[in-house]
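So you can see what is in the structure, the chains are spelled out below.
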Amino acid sequence: MKGLLRKDFYLIRATLPLACLAMLVAGGCLSVLVSANVFLVIAPVVLGLVALTTVNIDRHDGWNRLAATLPCGPARAIGGKYLLYLLLSLGGVLLGLLLAVAGSALLRGWGGETFGIFFAIGLALPLLSGAVGLPAAFLLGEDKNMLVMMFSYPLASALFVALVLAIDAVLPAALVLIGCSAAAYAASWLLAARFLPRRDLR
């Protein structure tokens, strides 16, 4: 698995700084308008999308067919993508936390009342979208996969709103959302590792 992660890191090491720069620009502009807490959502989403690009790169390079002949096998190769996505998303949460604190200090306006909401969404959104987006990345073309990802973000947001209305409390709803998203990601990982190797992944 370590070798698979290293291979994917070599694939994204050129695009990762550009993605971080785009995240800083977008997050900085939104911080002035809304709150620096937006970094808690933007950072994990952007870094998670970077992980998804490795699936398309592998498809174009023929890596999926090669992985089927290697000792690691296609199941571990698929698991490597899920692990990479999870690590980058969690790294995005930590980076977003640092940027939110720094941005709040610069703007002299700590949005403590919204911090928990943004933090919960920042944890749940990439997990829920990854649970849908990673299998779609393996099964669908690049264009269709991007459509799936675009729909997964408002779906996660709608789920959070529905939970808040149903539970009538923001913090419990946020915790339920994180739990549901983590369960969906784990289930997606297990199912993908079991069933996707049986398909002809080009």
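Residues numbered from 1 in each chain as written. Predicted model: local features only at pLDDT ≥ 70, side-chain atom pairs only at ≥ 80, totals over all residues. Heavy atoms only, no water.

Caption draft 1: Here's a closer look at the overall build of the protein. Helices and strands together make up the secondary structure of the protein, namely eight helices and zero strands. Moving toward the C terminus, one meets the helices and strands of the protein in the order α-α-α-α-α-α-α-α. Taken over 202 residues, the protein has a buried fraction of 43%. When contacts within the protein are restricted to residue pairs at least 6 apart in sequence, long-range pairs at least 24 apart make up 78% of them. For the protein, the computed accessible surface area is about 10,500 Å², with 74% contributed by carbon and sulfur atoms. (Helix = DSSP H or I, 4+ residues; strand = E, 2+ residues; numbered from the N terminus. Buried < 20%, exposed > 50% of the residue type's maximum accessible area, 1.4 Å probe, protein only. Contact = heavy atoms within 4.5 Å. Areas by Shrake-Rupley, 256 points an atom, 1.4 Å probe, with all protein chains shown as cover.)

Caption draft 2: Representation of the packing of aromatic side chains in the model. For the structure shown, the criterion picks out four aromatic pairs. A centroid spacing of 5.9 Å and a plane angle of 25 degrees characterise the contact between Tyr85 and Tyr185, whose relative ring orientation is stacked. Residue Tyr85 is found in helix H5 (residues 73-107), and its partner Tyr185 is found in helix H8 (residues 170-195); the two are separated by 100 residues along the sequence. By the burial criterion, Tyr85 is buried, and Tyr185 matches it. (Phe/Tyr/Trp six-rings, centres within 6.5 Å; stacked < 30°, edge-to-face > 60°.)

Caption draft 3: Expanded view of H8. When the terminal C-alpha atoms of H8 are compared, their 37 Å separation across 26 residues agrees well with the 38 Å that a helix rising 1.5 Å per residue should span. Of the residues making up H8, those classed as buried are Ala173, Ala174, Leu177, Ser181, Tyr185, Ser188 and Ala192. (Expected span 1.5 Å × (residues − 1).)

Caption draft 4: Here's a closer look at a nonpolar patch on the surface. A cluster of nonpolar side chains, namely Leu30, Val32, Leu33, Val34, Leu106 and Leu107, defines an oily patch on the protein surface of about 650 Å² accessible area. Counting only elements with at least two residues in the nonpolar patch, the list comes to helix H2 (15-33) and H5. Its location among the elements puts Leu33 in helix H2. (Patch = residues over 30% accessible without salt bridge, like charges linked within 9 Å, V, L, I, M, F, W, Y side chains within 5 Å. Salt bridge = Lys/Arg side-chain N within 4 Å of Asp/Glu carboxyl O.)

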